[in-house]
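# Results of the structural survey
As a plain string of letters, each chain reads:
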Amino acid sequence: MTIKKILIQATLRLEENKIDTPRLDAEILLAYVLNCRRLTLYTDAEKILTDEQISRFEKLIELRIKKIPVAYLIGTKEFFGLNFVVNENVLIPRPDTEILTQCAIEFLQTFDGEKNFLDIGTGSGAICISILKFCKNSFAAATDISEKSLEVAKFNAKKFNVDDRVNFFCGNLFEPIGEKKFAAIISNPPYIPTAEIKTLQDEVKNEPLRALDGGEDGLNFYREIISKSPKFLLNGGLLAVEIGINQAVAVKKIFAENNFCDIEILKDLAGLERVICARQKF
Ligand code: SAM
Ligand code: GLN
């Protein structure tokens, strides 16, 4: 069996099983098994595979058919140009979340004072580790309710050599933080309304429910985070949160009710309102 042939077969199987991007997924999984780049699958198209390679690849294709996301199968996901380790205990970082990350980096780079920030619901650590990597003199605290996700975040912090600039805490939102104040607070909280969870793609349903469920209207975490943030922000500090579809008006209102100023809405590449950020009044 050659690379070319097995890719054609696997693509067909994934297609028949209604996988959205069958050829791409087959290529990523085969490149993973062969420990090579995707381009090599084309330059070495006639290369014969060993029985062991075929059997490992076929097992991955079976799992992909069961709607296990590719990132969980290969154990990594690229975010902000960095290759994060992921497993089924963490949300797979989304490209949309790069907007929130960029917003925090730009703010911290111009912030006059100690550049310490808090990431609430850190998951794989993608947001805070990317900020630390691209904002050299910054420091972070990060919380998550899931002990297992923090294990992944800690692993990633070591992998990217920023573990000396971040402290991870397990617990509910701000509870493990104590009295500290930050230049910025960042969060991509769970924001899917509970009733919509069952309508999500099967792949997303294989991600941790606790990372997705934002309560009846999806806004539970915004109410808590925005109302409690002022106590943890320095004067002029920034609170920035990712939001879901059609949540901008409601979340903006919560910011205004809690006395924030300079409220800004940022759009993602698809033109959807994706991030709201605001400043603590001086
Ligand atoms: N920050 C990561 C990212 O953007 O890829 C993960 C975001 S995920 C949407 C939300 C995260 O919040 C999950 O890791 C989940 O475990 C965490 N979480 C849920 N409830 C929480 C709570 N009450 N306190 C702290 N973290 C919580
Ligand atoms: N953006 C994620 C999704 O599309 C949801 C993540 C979240 O709830 N913050 O499923």
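Refer to the structure presented above.
The structure displayed is predicted, hence computed values, not measured ones.

### Details of the site of ligand 1
With respect to spatial proximity, 18 residues lie near ligand 1, and among them Gly121, Asp144, Asn172, Leu173 and Asn188 are the closest. Between ligand 1 and the protein, one listed contact pairs a nitrogen atom with a backbone N or O atom of Leu173 at 2.9 Å. Separating an oxygen atom of ligand 1 from a side-chain N or O atom of Asn188 is a distance of 2.9 Å. Look at ligand 1: alone it shows 600 Å² of surface, and the protein chains cover 94% of it. Put simply, ligand 1 lies in the largest pocket.

### Some words on the nonpolar core
Ranked by size, the top nonpolar core spans 35 residues in total, and within it Leu108, Phe117, Cys128, Ile131, Phe168 and Ile186 carry the most contacts. Those residues in contact with Ile186, other than ones at most four positions away along the chain, are Leu100, Ala104, Phe117, Leu118, Asp119, Ile120, Ile127, Ile131 and Ala240. Formed by 31 residues, the second largest nonpolar core is a distinct cluster that contains Leu118, Tyr222, Val241 and Phe260.

### Topic: the site of ligand 2
Around ligand 2, the structure places Arg94, Asn188, Pro189, Pro190, Tyr191, Ile192, Val204, Ala211 and Leu212. One nitrogen or oxygen atom from the side chain of Arg94 is found 3.3 Å from an oxygen atom belonging to ligand 2. At a separation of 3.0 Å, an oxygen atom of ligand 2 approaches a polar backbone atom of Tyr191. Within the complex, 85% of the 300 Å² of free accessible area of ligand 2 lies under protein. Placement of ligand 2 is best described as lying within the largest pocket. Residues of the shell around ligand 2, tallied by class, amount to 7 nonpolar, 1 polar and 1 charged.

### Considerations on unusual backbone geometry
At Phe80, a position not held by glycine, the phi torsion is positive, near 55°. With respect to the helices and strands, Phe80 occurs in the loop between strand S1 (76–79) and strand S2 (82–85). On the basis of relative accessibility, which here comes to 15%, the residue Phe80 falls in the buried class. Here the phi dihedral of Asn259 falls at roughly 70°; this positive angle occurs in a residue that is not glycine.

### Considerations on the packing of helix H6 (residues 98–110) against helix H7 (residues 126–134)
When two helices pack together, their arrangement is given by the angle between the helix axes and the distance between those axes. One can describe the packing of H6 onto H7 by two numbers: an axis separation of 10 Å at closest approach and a directional angle of 40°. Taken together, the axes of H6 and H7 lie oblique to each other. In the crossing of H6 with H7, the sense of the turn from one axis to the other is right-handed. Taking contact as the criterion, the partners of Leu100, Thr101, Ala104, Ile105, Leu108 and Gln109 in H6 are, on H7, Ile127, Ser130, Ile131 and Phe134.

Cut-offs used in this document
Residues numbered from 1 in each chain as written. Chains lettered and ligands numbered in written order. Predicted model: local features only at pLDDT ≥ 70, side-chain atom pairs only at ≥ 80, totals over all residues. Heavy atoms only, no water. Near = heavy atom within 4 Å. Polar contact = N/O pair within 3.5 Å; in protein donor to acceptor, adjacent residues only side chain to side chain. Areas by Shrake-Rupley, 256 points an atom, 1.4 Å probe, with all protein chains shown as cover. 1 Å grid on protein atoms, 1.4 Å probe; cavity = no way out; pocket = protein on both sides within 12 Å on 5 of 7 lines; lining within 4 Å. Sits in = over half its atoms within 2 Å of the grid points. Core = buried A, V, L, I, M, F, W, Y, C linked by side-chain atoms within 4.5 Å. Buried < 20%, exposed > 50% of the residue type's maximum accessible area, 1.4 Å probe, protein only. Contact = heavy atoms within 4.5 Å. Nonpolar A, V, L, I, M, F, W, Y, C, P; charged D, E, K, R; others polar. Helix = DSSP H or I, 4+ residues; strand = E, 2+ residues; numbered from the N terminus. Axes fitted to C-alpha atoms, helices over the stretch in contact; angles between N-to-C directions. Parallel < 35°, antiparallel > 145°, perpendicular 65-115°, else oblique. Left-handed = near helix turned anticlockwise from the far one by under 90°.

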